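Residues per chain, in single letters:
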Amino acid sequence: MSSSSEAAIKKYQFDVQVANVSRLCHAKPIVTINGRFPGPTIYAREGDRVLINVTNHAQYNMSIHWHGLKQYRNGWADGPAYITQCPIQSGRSYTYDFNVTGQRGTLWWHAHILWLRATVYGAIVIMPTSGTPFPFPQPDREFEILLGEWWNNDVEDIENQGNKMGLPPNMSDAHTINGKPGPLFPCPEKHTFAMEVEQGKTYLLRIINAALNDELFFAIAGHTLTVVEVDAVYTKPFTTQAILIAPGQTTNVLVQANQVAGRYFMATKAFMDAPIPVDNKTATAILQYKGIPNTILPILPQLPASNDTRFALSYNNKLRSLNSAQYPANVPLTVDRNLFYTIGLGQNSCSTCLNGTRLLASLNNVSFVMPQTALLQAHYFNIKGVFRTDFPDHPPTPFNYTGAPLTANLATLTGTRVSKIAFNSIVELVLQDTNLLSVESHPFHLHGYNFFVVGTGVGNFDPAKDPAKYNLVDPIERNTVGVPTSGWTAIRFRADNPGVWFMHCHLELHTGWGLKTAFVVENGPGQDQSVRPPPKNLPTC
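Residues numbered from 1 in each chain as written. Predicted model: local features only at pLDDT ≥ 70, side-chain atom pairs only at ≥ 80, totals over all residues. Heavy atoms only, no water.

1. Topic: unusual backbone geometry
Next, step 1: In this chain, F37 is followed by P38 through a cis amide linkage whose omega measures -10 degrees.
Next, step 2: Residue placement: P38 occurs in the loop between strand 2 (26–33) and strand 3 (42–45).
Next, step 3: With a phi angle near 50 degrees, Q71 is a residue other than glycine that sits in the positive phi range.
Next, step 4: Residue placement: Q71 occurs in the loop between strand 5 (64–67) and strand 6 (93–99). (Helix = DSSP H or I, 4+ residues; strand = E, 2+ residues; numbered from the N terminus.)

Structure, rendered in structure tokens:
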């Protein structure tokens with residue numbers, strides 16, 4: 001590996017191609033990268049330049065997002081379709097060219113168009129600069145653990161059918177660990193991931209939730225997990241029997257192979273503490289001590305109950321930034337712009353839908369409509385009529401957000417409306433769940449930034465009292481945060497990355513219903529504080 005003074009260039013070729021894959025005794029064609037499911041891992045070192053040439057051989061338009069990479073001044077490489085780029089059309093190529101600056105840890109990449117990320121996803125592993133150790137005991141070996149969902153039918157057909165009917169589409173048929181559901185499902189012979197360990201050794205598991213719509217618990221029978229990093233940010237280490245991980249999030253844990261040599265199940269199942277149906281089946285993989293025969297039956301771990309709110313709140317409360325001299329938590333202590341966004345589900349009339357209504361989702365009563373021209377291109381080239389910068393900073397009509405269920409439609413507005421943010425300003429955003437149709441936990445992802453989770457609570461946010469309880473010393477820093485069911489979360493970030501940055505619920509279902517918006521962060525005065533010119537081969541719409 002190169003030293004930090006001579007950063008390397010890492011090149012990858014991603015061929016988007018359809019491959020036949022079989023799970024649960026069902027074979028079907030799926031969209032893949034290089035014929036692999038999950039896709040290949042991107043390995044880089046902090047300071048490297050990464051070039052990934054994506055060639056689209058599939059029938060669908062494609063774009064790929066490098067989830068959690070900050071892409072400083074370089075939204076052209078961020079990847080969400082119609083936000084920072086037009087999609088890569090069938091038969092075309094586009095090279096994502098970016099630097100990995102000031103980041104190390106586990107991130108991931110995924111398709112960012114339609115529901116194609118159901119099968120188009122993989123890990124990104126960023127090692128620290130050469131000679132820089134981890135701030136925790138050096139593991140003997142590492143494994144990537146990607147949690148996902150599997151549908152027996154074509155995912156795009158399922159999504160389209162749901163949209164036509166105006167209802168949620170069918171839930172997944174299985175959860176998966178590294179693309180495999182495990183032995184609790186039919187036809188498991190080839191479809192179980194196994195990890196061999198040696199007695200007395202320490203292992204680093206890089207865990208990624210690549211599921212479309214499910215927050216997940218994960219545990220290993222008989223073994224304690226030590227959390228050391230989330231979303232490529234080091235944490236104060238803590239031990240736990242299970243972790244909770246939302247779609248879009250990553251979690252690194254240390255596991256010591258210190259139990260009686262045997263076979264132990266790793267297991268994952270959904271967390272849902274709202275009255276909403278969910279795929280509640282458990283996917284498993286096997287942690288197997290070296291020399292133990294496959295005939296030994298594995299032990300199942302005790303996962304928290306599916307609706308264990310207390311575990312969820314207590315687990316997230318334990319997440320703290322390491323905040324060491326080498327890895328400080330530079331929490332903004334003052335705020336220039338206060339934003340308060342309510343999360344609502346609603347129904348609009350739809351003459352072609354099954355019940356005459358279509359489900360939609362909104363922030364501050366605005367359900368986002370995807371443009372036909374990419375927002376970053378419209379912003380950079382000053383193309384008029386693509387988006388409006390009048391997204392409301394506060395809900396137009398305040399109400400008792402988490403009170404009795406509300407079916408009253410607040411006449412949800414639709415439009416491509418974004419917020420303009422001054423360069424280098426400190427933004428505080430409070431995300432408030434509401435009982436419009438139903439409360440639910442929502443994982444929100446902000447592109448182009450990490451943010452500090454300075455506060456969270458159950459019920460309605462109280463601007464008079466709650467900020468006094470914020471953690472401004474060592475709050476967790478991350479790129480995707482869960483807003484608790486019937487609760488709120490407050491985040492802070494410095495808007496020092498100019499461009500257009502998507503912010504959306506990472507439940508694919510809700511994103512499709514409009515639970516998204518974008519920030520247009522203005523250019524700064526300095527020469528390296530404005531959006532870079534676009535690459536020559538940028539796709540056109």
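2. Some words on the side chain of R492
Next, step 1: Along the chain, R492 falls in strand 30 (residues 487–494).
Next, step 2: At 2.8 Å, the side chain of R492 forms a polar contact with the backbone oxygen of P332.
Next, step 3: Only 2.8 Å separates the side chain of R492 from the side chain of E428, close enough to count as a polar contact.
Next, step 4: For R492, the residues in contact, after removing those within four places along its chain, are P332, L333, T334, V335, V427, E428, F451, F452, V454, Y470 and L472. (Polar contact = N/O pair within 3.5 Å; in protein donor to acceptor, adjacent residues only side chain to side chain. Contact = heavy atoms within 4.5 Å.)

3. Considering the sheet that holds strand 8 (residues 121–127)
Next, step 1: On the basis of which strands lie adjacent, the open sheet formed by four strands has the order 3-8-7-5 and mixed pairing. At either margin of the open sheet sits one strand with a lone partner, and together these are strand 3 and strand 5. Pairwise comparison of adjacent strand axes, ignoring direction, gives a mean angle of 20 degrees for this sheet.
Next, step 2: Bridge count between strand 3 and strand 8: four bridges; the pairing is parallel. For R45, the partnering residue across the bridge sits in strand 8 and is M127. (Pairing = 2+ DSSP bridges. Axes fitted to C-alpha atoms, helices over the stretch in contact; angles between N-to-C directions.)

4. Here we look at empty space enclosed by the protein
Next, step 1: Throughout the structure, instances matching the rule amount to two cavities of 30 Å³ or more.
Next, step 2: Lining the largest cavity we find N213, D214, E215, F271, M272, D273, V278, E440, S441 and L507.
Next, step 3: Its residues placed into classes, the lining of the largest cavity shows four nonpolar, two polar and four charged. (1 Å grid on protein atoms, 1.4 Å probe; cavity = no way out; pocket = protein on both sides within 12 Å on 5 of 7 lines; lining within 4 Å. Points joined across faces, edges and corners; volume = space filled by probe spheres on them. Nonpolar A, V, L, I, M, F, W, Y, C, P; charged D, E, K, R; others polar.)

5. Regarding the packing of aromatic side chains
Next, step 1: Applying the stated criterion to the full structure yields 29 aromatic pairs.
Next, step 2: Relative to W150, the ring of F37 lies with its centre 6.0 Å away and its plane at 45 degrees, an arrangement referred to as tilted. Of this pair, F37 sits in the loop between strand 2 and strand 3 while W150 sits in strand 9 (residues 141–150), placing them 113 residues apart in sequence. Take F37 and W150: they sit in the same class, and that class is buried. (Phe/Tyr/Trp six-rings, centres within 6.5 Å; stacked < 30°, edge-to-face > 60°. Buried < 20%, exposed > 50% of the residue type's maximum accessible area, 1.4 Å probe, protein only.)

6. Some thoughts on helix 2 (residues 309–318)
In an α-helix, one turn spans 3.6 residues; hence positions three or four apart end up facing the same way.
Next, step 1: Inspection of helix 2 places F311, A312 and Y315 among the buried residues, and these make up the whole buried set. The buried residues of helix 2 occupy an angular sector of 100 degrees when the element is viewed end-on, so they sit on one face. Turned more than 90 degrees away from the buried face of helix 2, the exposed residues are R310 and N317.
Next, step 2: Tucked into the core, helix 2 has its buried residues touching strand 13 (215–220), strand 14 (225–230), strand 15 (233–240), strand 16 (242–245), strand 17 (250–256) and strand 18 (263–271). (Arc of directions from axis to C-beta.)

7. Some thoughts on the UniProt feature "domain: Plastocyanin-like" (unreviewed entry) in the protein chain
Next, step 1: As annotated by UniProt and renumbered to match this structure, "domain: Plastocyanin-like" (unreviewed entry) occupies residues 16–129, 144–291 and 391–524.
Next, step 2: The distance separating the terminal C-alpha atoms of residues 16–129 is 31 Å; by composition the span is 0% helix and 46% strand.
Next, step 3: Between the first and last C-alpha atoms of residues 144–291 the distance is 22 Å; the span itself is 7% helix and 47% strand. (UniProt positions renumbered as here; feature names shortened; annotations may be inferred.)

8. Section: the pairing of strand 15
Next, step 1: As defined by bridge partners, strand 14 adjoins strand 15 across five bridges and the pair is classed as antiparallel. Residue pairing for strand 15: V230 is matched across the bridge by V233.
Next, step 2: A loop of two residues connects strand 14 with strand 15, the two strands running antiparallel in sequence, and D231 in this loop sits at a positive phi of about 50 degrees.

9. Things to note about the nonpolar core
Next, step 1: Of all hydrophobic cores here, the largest spans 82 residues; its most connected members are I145, L205, F218 and F519.
Next, step 2: The residues contacting I145, other than those within four sequence positions of it, are I177, N178, F193, M195, L205, R206, I207, I208, F218 and M266.
Next, step 3: Formed by 45 residues, the second largest nonpolar core is a distinct cluster that contains I52, I126, V386 and V531. (Core = buried A, V, L, I, M, F, W, Y, C linked by side-chain atoms within 4.5 Å.)

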